[in-house]
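Fold and geometry: a report
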Amino acid sequence: MTTQPPVLSIDGLHVRFRLRDAVVHAVTDLALTLHRGELLAVVGESGCGKSVLAHAVLDLLPANATVTGTVCFGPHNSPVRDLRGRHVGLIPQSPATALTPVRTGRTLLAETLKVHGRPATDADRVAAEAGLDPDDLARYPFELSGGMAQRLATALALAPDPAVLIADEPTAGLDRLLVDHTLDLLRRRCDNGSAVLLITHDLAAAERVADTVAVMYASRIVEHRPAAELFAAPAHPYTAGLLDALPGRAFRPIPGHPPMLTALPAGCPFAPRCAHTDDACTVQPATADGAACHHPLTRAGAR
Ligand SMILES: Nc1ncnc2c1ncn2[C@@H]1O[C@H](COP(=O)(O)OP(=O)(O)OP(=O)(O)O)[C@@H](O)[C@H]1O
Ligand SMILES: [Mg+2]
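Everything in this summary refers to the structure shown in the same document. Note that the structure is a prediction, hence the values are computed from the model and not measured.

Criteria and thresholds
Residues numbered from 1 in each chain as written. Chains lettered and ligands numbered in written order. Predicted model: local features only at pLDDT ≥ 70, side-chain atom pairs only at ≥ 80, totals over all residues. Heavy atoms only, no water. 1 Å grid on protein atoms, 1.4 Å probe; cavity = no way out; pocket = protein on both sides within 12 Å on 5 of 7 lines; lining within 4 Å. Points joined across faces, edges and corners; volume = space filled by probe spheres on them. Nonpolar A, V, L, I, M, F, W, Y, C, P; charged D, E, K, R; others polar. Core = buried A, V, L, I, M, F, W, Y, C linked by side-chain atoms within 4.5 Å. Buried < 20%, exposed > 50% of the residue type's maximum accessible area, 1.4 Å probe, protein only. Helix = DSSP H or I, 4+ residues; strand = E, 2+ residues; numbered from the N terminus. Contact = heavy atoms within 4.5 Å. Donors = N, O, S within 2.8 Å, 3.2 Å for Na, K, Ca; no water. Pairing = 2+ DSSP bridges. Axes fitted to C-alpha atoms, helices over the stretch in contact; angles between N-to-C directions.

To find leftover empty space, a probe the size of one water molecule is rolled over the atoms. Scanning the model with the defined rule gives 1 cavity of 30 Å³ or more in all. For the largest cavity, the full set of lining residues is H236, P237, C268, A271, C274, H276, T277, C281, C293, H294 and H295. Classifying every residue of the lining of the largest cavity by side-chain character gives 6 nonpolar, 5 polar and no charged.

What follows covers the nonpolar core. The biggest cluster of nonpolar side chains holds 91 residues, and the ones touching the most others in it are L30, L32, L53, L109 and V213. Residue contributions to this core peak at 8 residues, all from helix α5 (residues 146–158). Apart from residues lying up to four places away in sequence, L53 is in contact with I10, L13, V27, L30, L32 and M216.

Attention shifts here to the coordination of the magnesium ion (ligand 2). A four-donor tetrahedral metal ideally has 109.5 degree angles, and a six-donor octahedral metal ideally has angles of 90 or 180 degrees. Binding of the magnesium ion (ligand 2) to the protein goes through S51 (OG) and Q93 (OE1), at separations of 2.0 to 2.1 Å. Here Q93 lies in the loop between β5 (88–91) and α2 (95–98) and S51 lies in helix α1 (residues 50–57), a separation of 42 residues in the sequence. You can call Q93 partly exposed: its relative accessible area is 36%.

Attention shifts here to the sheet that holds strand β2 (residues 23–35). In spatial order, the strands read β2-β1-β4; together these 3 strands make up an open sheet with antiparallel pairing. This sheet does not close on itself; its edge strands, each paired only once, are β2 and β4 (65–73). If you compare each strand with its neighbour and ignore which way they point, the axes differ by 0 degrees on average. Summarising the sheet, strand β1 (residues 6–18) and β2 pair through 9 bridges and their orientation is antiparallel. Counted as the bridge partner of R16 is H25 from β2. In this fold α1 packs onto β1, β2 and β4, with an angle of close to 115 degrees to the strand it touches most, β1.

The next subject is helix α3 (residues 105–115). Every buried residue belonging to α3 is among G105, L108, L109, A110, T112 and L113, and all of these are buried. Check the buried side of α3 and you find it contacts α4 (123–129) and α5. Immediately beyond the C-terminal end of α3, within one or two residues, lies G117, with a positive phi of roughly 75 degrees.

Structural measurements only, silent on function.
Okay, structure coming up:
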């Protein structure tokens, strides 16, 4: 892992949503640290809590959420409300619905640049950097394709040049060339001293650009290690299952389904789907050497 100072530290983070007759445990006891120059990929199946984590970090959760734990930015532990934009930016998942519909892309981008003390004339350059043809800035968000809206959202997040960028599925709906363009852009930002938390379903993308990878399962981080180590020798059976499901590997899906977040088991939440489950797994495993598992694969050697 990098020796750069942390720009984002999350500790003991829990997020609960109150529903009429249940409580959703969307993020449980989560700790992560992001350093200057680091690209951290957060991966995991749909519904495991990745976007809720992003919104909790940015203090953007709705009123039915209860959040506990700490989120600190930079060395000064500044409140996130003062830091949104220039210090920490978000490329939201499903940007088409997040973009203000009554302003053109150019107006949205010019306003964001102005708020952050940059000339509106930078709009074309920032759009092009995000892979968006500057001519498309004349359109309203509802006139954009999903992929164009994605790139406009990326341009809007890049405009303040934030020290920390949280990118929630920034390559969804893009074709291969634009996926690579966006990934290279994120990688370059880190190489220039920013930090990126990249939420993605695309494990190949994570393998290509991430320094570190955090694997989420049923609201918890179950493995968090340097990317090269994790892809070469996953320690958690869930991570191994995700990798085995890839077309370029065994192409074998993980059997079963994740547990409901309204009814999480007391022990390891992956136990019902895991080939290595025994009595020890009825107790929630502590995290050791980057993996929360009673029977980690790398410590026991290849199983
Ligand atoms: N406002 C809310 N009220 C109640 N439950 C919510 C709310 N927002 C999210 N959830 C629940 O929190 C859980 C985690 O959702 P989240 O959007 O973080 O998943 P995700 O990992 O980002 O999935 P995907 O990969 O599909 O984007 C889900 O069970 C979701 O239904
Ligand atoms: Mg999501």
